[in-house]
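# Fold and contact review
In case you want the letters, here they are:
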Amino acid sequence: MKLREQLENYIPYNEQETNDKDIMLECLERYDDVLKRDNRICHFTASNWIVNKQRTKILMAYHNIYKSWAWTGGHADGEADLCQVAWKEAKEETGVQNLKLLSDGIYAIQILTVNSHIKKGKFISDHLHLDCCFLFEADEEELLQIKEDENSAVGWIEIERVTEVTSEEKMRPIYAKLNEKLGNIKS
């Protein structure tokens, strides 16, 4: 299924998602390079909400740029299958190899502001991430691995502590929403 169709079929969870869905669809219409970082205004990203089998912990990484515990994910970089991007990023950033997709397509959407920063010696201006999040399950016993160029730790965080361990204020309501939605997913 194409990204546009996935977004059109996506049922927003709240007002934030309703507004963001409209903007994401408008960006798909307006920009032909919205799947690439070449679009310095906005581009699509794919993120992961990785739960353990008991749905009591979230797999997170300590992100070097943001100096915070965070979900994993990355840029589409031209790939329209954002679930595939999310899956690849989860494996690369955590070392987990066995992931089970729990969501039926996109689990959550959000538009995130990215403040200017230096990445790999290059200045990156403020821009927007048009993010599609996917829900995965992984085994807590599986070996974890740090991706040193992006994170300095990977670990399972108790679900009720997720909003406490992130130092990114803007991510707290997003993580709270993702956890709230877990109640609607059957084991």
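The structure displayed is predicted, hence computed values, not measured ones.

Our focus in this paragraph is the environment of Gly73. Within the secondary structure, Gly73 is located in strand S4 (residues 72-75). You can call Gly73 partly exposed: its relative accessible area is 22%. Residues Gly73 and Gln6, spaced 67 residues apart in sequence, show a C-alpha to C-alpha distance of 18 Å. Not counting the four nearest positions on each side in its chain, Gly73 is found in contact with Ala46, Ser47, Asn48, Glu89 and Glu93.

Here a ring pair, both rings aromatic, is described through the centre-centre distance and the interplanar angle of the planes. The tally for this structure, following the rule as stated, stands at 3 aromatic pairs. Taken together, a centroid distance of 5.8 Å and an interplanar angle of 80° make the contact between Tyr62 and Trp69 edge-to-face. Of the aromatic side chains, those joined through ring pairs into one cluster are Trp49, Trp71 and Tyr175. Note that Lys181 overlies the ring of Tyr107, its terminal NZ or CZ placed 4.9 Å from the centroid.

Inspection of the secondary structure assignment puts Ser68 in strand S3 (residues 68-70). Relative accessible area serves as the criterion here: at 1%, Ser68 is assigned to the buried category. At 2.8 Å, the side chain of Ser68 forms a polar contact with the backbone nitrogen of Ser167. When neighbours within four sequence positions are excluded, Ser68 is seen to be in contact with Ala61, Tyr62, His63, Val165, Thr166, Ser167 and Glu168.

Core analysis: the biggest nonpolar cluster contains 55 residues, and Leu7, Phe44, Trp49, Trp71, Cys132 and Tyr175 have the highest contact counts within it. Discounting chain neighbours no more than four positions away, the residues touching Tyr175 are Trp49, Met60, Trp69, Ala70, Trp71, Val162, Thr163 and Thr166.

About the criteria used
Residues numbered from 1 in each chain as written. Predicted model: local features only at pLDDT ≥ 70, side-chain atom pairs only at ≥ 80, totals over all residues. Heavy atoms only, no water. Helix = DSSP H or I, 4+ residues; strand = E, 2+ residues; numbered from the N terminus. Buried < 20%, exposed > 50% of the residue type's maximum accessible area, 1.4 Å probe, protein only. Contact = heavy atoms within 4.5 Å. Phe/Tyr/Trp six-rings, centres within 6.5 Å; stacked < 30°, edge-to-face > 60°. Lys NZ or Arg CZ within 6 Å of the ring centre and 35° of its normal. Polar contact = N/O pair within 3.5 Å; in protein donor to acceptor, adjacent residues only side chain to side chain. Core = buried A, V, L, I, M, F, W, Y, C linked by side-chain atoms within 4.5 Å.

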